[in-house]
Amino acid sequence: MGTMPVLSRRTFIFGSAAVAGGVVFGSYGQAQDNPASPGTTNPLAVDLGPDSVAFNPWVEISPEKITLIAQHADIGQGIGSIQPVMIAEELDLELDQFEIRFAGPSPAYFNTGFAHEIAPFMAADQSLEAEKGRAAALEWLRQSGLQMTGGSSAIPDTYEKLRAAGAVARETLKAAAARRSGAAVADIRTEAGHVILPNGTRIPYIALSAEAAKIPPVTDVKLRDPSQWRLIGKSMERLDIRAKVTGEIVFGIDRKMDGMVYAAVKLNPNKGQPIRSYDASKAQSMPGVQ
Amino acid sequence: MFDIVVNGSRHQVDVVPEMPLLWVLRDELGITSPKYGCGIALCGACTVQVDGEAVRSCQARMADVAGKAITTIEGVGNGKLHPVQEAWIEHQVAQCGYCQTGQMIQAISLLKTHPKPTDEDINEVMSGNLCRCGTYERIRVAIHAAAEKIGGK
Ligand code: FES
Ligand code: FES
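Residues numbered from 1 in each chain as written. Chains lettered and ligands numbered in written order. Predicted model: local features only at pLDDT ≥ 70, side-chain atom pairs only at ≥ 80, totals over all residues. Heavy atoms only, no water.

Visitor: So, the sheet that holds strand S6 (residues 59-61) of chain A: which residues are in play, and what are the values?
Guide: Residues and elements named next belong to chain A. One open sheet accounts for 4 strands, arranged S5-S6-S7-S8; its pairing is mixed. Edge strands, defined here as strands with exactly one partner in the open sheet, are strand S5 (53-56) and strand S8 (99-102). The mean angle between the axes of side-by-side strands here comes to 25°, regardless of whether they run parallel or antiparallel. As judged from the 3 bridges shared by S6 and strand S7 (residues 66-70), these two strands associate in the antiparallel manner. The partner of Val-59 across the bridge, within S7, is Leu-68. Helix-sheet contacts for helix H2 (residues 79-91) involve S6, S7 and S8, and the interaxial angle to S7 is about 130°. Packed onto the sheet, helix H6 (residues 161-181) meets S5 and S6 and runs at close to 130° relative to S5. (Pairing = 2+ DSSP bridges. Helix = DSSP H or I, 4+ residues; strand = E, 2+ residues; numbered from the N terminus. Axes fitted to C-alpha atoms, helices over the stretch in contact; angles between N-to-C directions. Contact = heavy atoms within 4.5 Å.)

Set out below in structure tokens:
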């Protein structure tokens, strides 16, 4: 226990100062500089609706709703639930207060967690070579923009990144509320999707999206101590379990697109043999066959 | 033209008599909860109820089920969750979920014939419903839990 090179790894991942008790996420910015991939743009900034804000590649708030982005695309192992939970932990959201969307392709979502997998060193190895190896692997991942799910890398990749994404969103919303109300940020709290002013007024996050979009994201955030966690590490109902149990969930095979047709493959029953002749007339005579 | 009654609603479909019920439901009626897994009665993903019995819809010809009462997972609870669905949620059975509508339909039919099933009953009746994610252990626990819910009512 406790042998993971936590601090040095943070330094690798974020290139930021690791201070006792907290980490400064200097680069969890709005767009150009996101921590996962310096120099890439925030993919959410491209199609952002009016009065909406995307604090980073994982949190988008519009006047209507809060959307959390799951960059690891998995439907079976619970990653689809735990990714938004890590954001919600720091952003003070209840589990029914957001929608989840899988990320589109973008270098911003490169898999930092995979560096530990592909560098040929044991996890406990903190030698200089091991650290250098991991740094090199990480740099390769960053430059190739490798966005992938697998190898048990989802949590190593997102454990800090997503909590930081939530914390940045929370602090920026508080700053927006401070600007609107004149109250000091230090006296403003957040709870269950609301910013709470010193006089008790509760402002829903969605009502602050337009103002939050106008200010630079607050990036010097500290992650909460695990003793304060409400969600992480606790049993929870998977966020998609009801849709799976009612049959509502949509799998690839359930999608219908305009003009879509189905194709059926007929294999030569003799393995490896070419086609000698092909007669589609019987198939074509069936109803619906084009 | 065939008459088909799904979850209490009557529909007319213009399909060939040998069209499998699975594709009538999915492609003609847009009811996608029954899944296509193998198409040859080996996996159970397509299981629906026909007149209250679990049937592999990939092997049921339209002509043979015309006029019969078809029930998919949407129809098992009459607007509420069926106790089997509740148990499936409480025990977090589903991983990807692809096989699970078929599993639940099969489990509901099992509980009709075996209101207090043993592990052996469960193994026997559920063995034709494959789960690529390997949720069998939880399926068994959830079936026992559902049996208790139904018995206690
Ligand atoms: S699709 Fe019907 S049993 Fe596999
Ligand atoms: S839950 Fe994935 S196949 Fe059964």
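Alright, that's what it looks like, and here's the rest.
Visitor: How would you explain the packing of helix H3 (residues 83-90) of chain B against helix H6 (residues 136-151) of chain B if you had to name every residue and give the values?
Guide: Residues and elements named next belong to chain B. Axis separation between H3 and H6 bottoms out at 8 Å; the angle between their running directions is 135°. Judged by the angle between their axes, H3 and H6 are oblique. The handedness of the crossing between H3 and H6 comes out as right-handed. For the pair formed by H3 and H6, the contact residues are Pro-83, Val-84, Glu-86, Ala-87, Trp-88 and Glu-90 on the first element and Ile-139, Ala-142, Ile-143, Ala-145, Ala-146, Lys-149 and Ile-150 on the second. Here the residues of the contact of H3 with H6 sort into 10 nonpolar, no polar and 3 charged. (Parallel < 35°, antiparallel > 145°, perpendicular 65-115°, else oblique. Left-handed = near helix turned anticlockwise from the far one by under 90°. Nonpolar A, V, L, I, M, F, W, Y, C, P; charged D, E, K, R; others polar.)

Visitor: Describe in detail the pattern of salt bridges, supporting the description with residues and values.
Guide: By the definition in use, this model includes 22 salt bridges over all chains. Put simply, Glu139(A) and Arg142(A) hold a salt bridge, and the shortest N to O gap is 2.9 Å. Of this pair, Glu139(A) and Arg142(A) both sit in helix H4 (residues 128-144), 3 residues apart, which is roughly one turn of the helix. With relative accessibility at 32%, the residue Glu139(A) sits in the partly exposed group. You can call Arg142(A) partly exposed: its relative accessible area is 25%. Between Glu137(B) and Arg140(B) there is a salt bridge, and its shortest N-O distance comes to 3.5 Å. Of the two residues, Glu137(B) and Arg140(B) are both situated in helix H6; the distance of 3 residues between them amounts to about one turn of the helix. Arg140(B) sits in the partly exposed class, given a relative accessible area of 21%. (Salt bridge = Lys/Arg side-chain N within 4 Å of Asp/Glu carboxyl O. Buried < 20%, exposed > 50% of the residue type's maximum accessible area, 1.4 Å probe, protein only.)

Visitor: Describe the packing of aromatic side chains, with residues and values.
Guide: Evaluation of the coordinates by the stated rule reveals 4 aromatic pairs over all chains. Taking 5.0 Å as the distance between ring centres and 85° as the angle between the ring planes, the aromatic pair formed by Phe251(A) and Tyr98(B) counts as edge-to-face. Taken together, the residues Phe251(A) in the loop between helix H8 (241-246) and helix H9 (281-284) and Tyr98(B) in the loop between H3 and helix H4 (100-113) connect one chain to another. Taking the centre distance of 5.2 Å and the plane angle of 50° together, the rings of Trp23(B) and Tyr36(B) count as tilted. (Phe/Tyr/Trp six-rings, centres within 6.5 Å; stacked < 30°, edge-to-face > 60°.)

Visitor: Account for the nonpolar core, with residues named and values stated.
Guide: Ranked by size, the top nonpolar core spans 43 residues in total, and within it Phe55(A), Val59(A), Ile61(A), Leu91(A), Leu93(A), Leu173(A) and Tyr205(A) carry the most contacts. Secondary structure elements with two or more residues in this core: S5, S6, S7, H2 and H6 of chain A. Looking at this core, the element that brings in the most residues is H6(A), giving 11 residues. Excluding residues within four positions of it along the chain, Leu91(A) makes contact with Val59(A), Gly166(A), Ala169(A), Arg170(A), Leu173(A) and Tyr205(A). Trp88(B), Ile108(B), Ile122(B) and Ile143(B) belong to the second largest nonpolar core, which has 24 residues in total. (Core = buried A, V, L, I, M, F, W, Y, C linked by side-chain atoms within 4.5 Å.)

Visitor: Please set out the side chain of Lys174(A) residue by residue, giving values where relevant.
Guide: Residue and element names in this part refer to chain A. In this fold, Lys-174 is placed in helix H6. Residue Lys-174 is classed as buried on the basis of its relative accessible area, which comes to 12%. Polar contacts involving the side chain of Lys-174 include one to the side chain of Glu-171, which spans 3.2 Å. (Polar contact = N/O pair within 3.5 Å; in protein donor to acceptor, adjacent residues only side chain to side chain.)

Visitor: So what about the interface of chain A and chain B? Which residues, and what values?
Guide: Contact residues are listed per partner, giving 19 residues for chain A and 22 residues for chain B. The junction of chain A with chain B conceals about 1,700 Å² of combined surface from both sides, 60% of it contributed by carbon and sulfur atoms. It is Val245(A), Phe251(A) and Ile253(A) in chain A that bury the most area against chain B; as a group they hold 31% of the surface buried on that side. For the pair chain A and chain B, the number of links is 2 salt bridges. (Buried area = accessible area lost by both parts, 1.4 Å probe.)

Visitor: With reference to specific residues and values, describe helix H1 (residues 21-28) of chain B.
Guide: For the α-helix, the turn length of 3.6 residues means that residues three or four positions removed from each other point alike. Residues Leu21(B), Leu22(B), Val24(B), Leu25(B) and Arg26(B) constitute the buried set of H1(B). Backbone geometry just downstream of H1(B) places Gly30(B) in the positive-phi region, at approximately 70°.

Visitor: Give me the side chain of Ser57(B): which residues, what numbers.
Guide: Within the element layout of this structure, Ser57(B) appears in the loop between strand S4 (53-56) and helix H2 (62-65). Among all residues touching Ser57(B), those that are not within four sequence positions of it are Pro20(B), Leu21(B), Leu22(B), Cys46(B) and Val48(B).

Visitor: Let's hear about the domain arrangement of chain B: which residues, and what values?
Guide: Residue and element names in this part refer to chain B. Here the domain parsing of chain B yields domain 1 (2-75) and domain 2 (83-152). Taking only C-alpha atoms into account, the centre of domain 1 sits 21 Å from that of domain 2. With 17 residues of domain 1 in contact, the opposing surface of domain 2 contributes 13 residues. Carbon and sulfur atoms make up 53% of the surface buried where domain 1 meets domain 2, a total of about 1,200 Å² over both sides. Of all the secondary-structure elements, those providing two or more residues to the side of domain 1 that touches domain 2 are strand S3 (47-50) and S4. Looking at which element gives the most residues to the side of domain 1 that touches domain 2, the answer is S3, with 3 residues. Tallied by class, the residues present in the side of domain 1 that touches domain 2 amount to 8 nonpolar, 7 polar and 2 charged. (Domains from an automatic or database assignment.)

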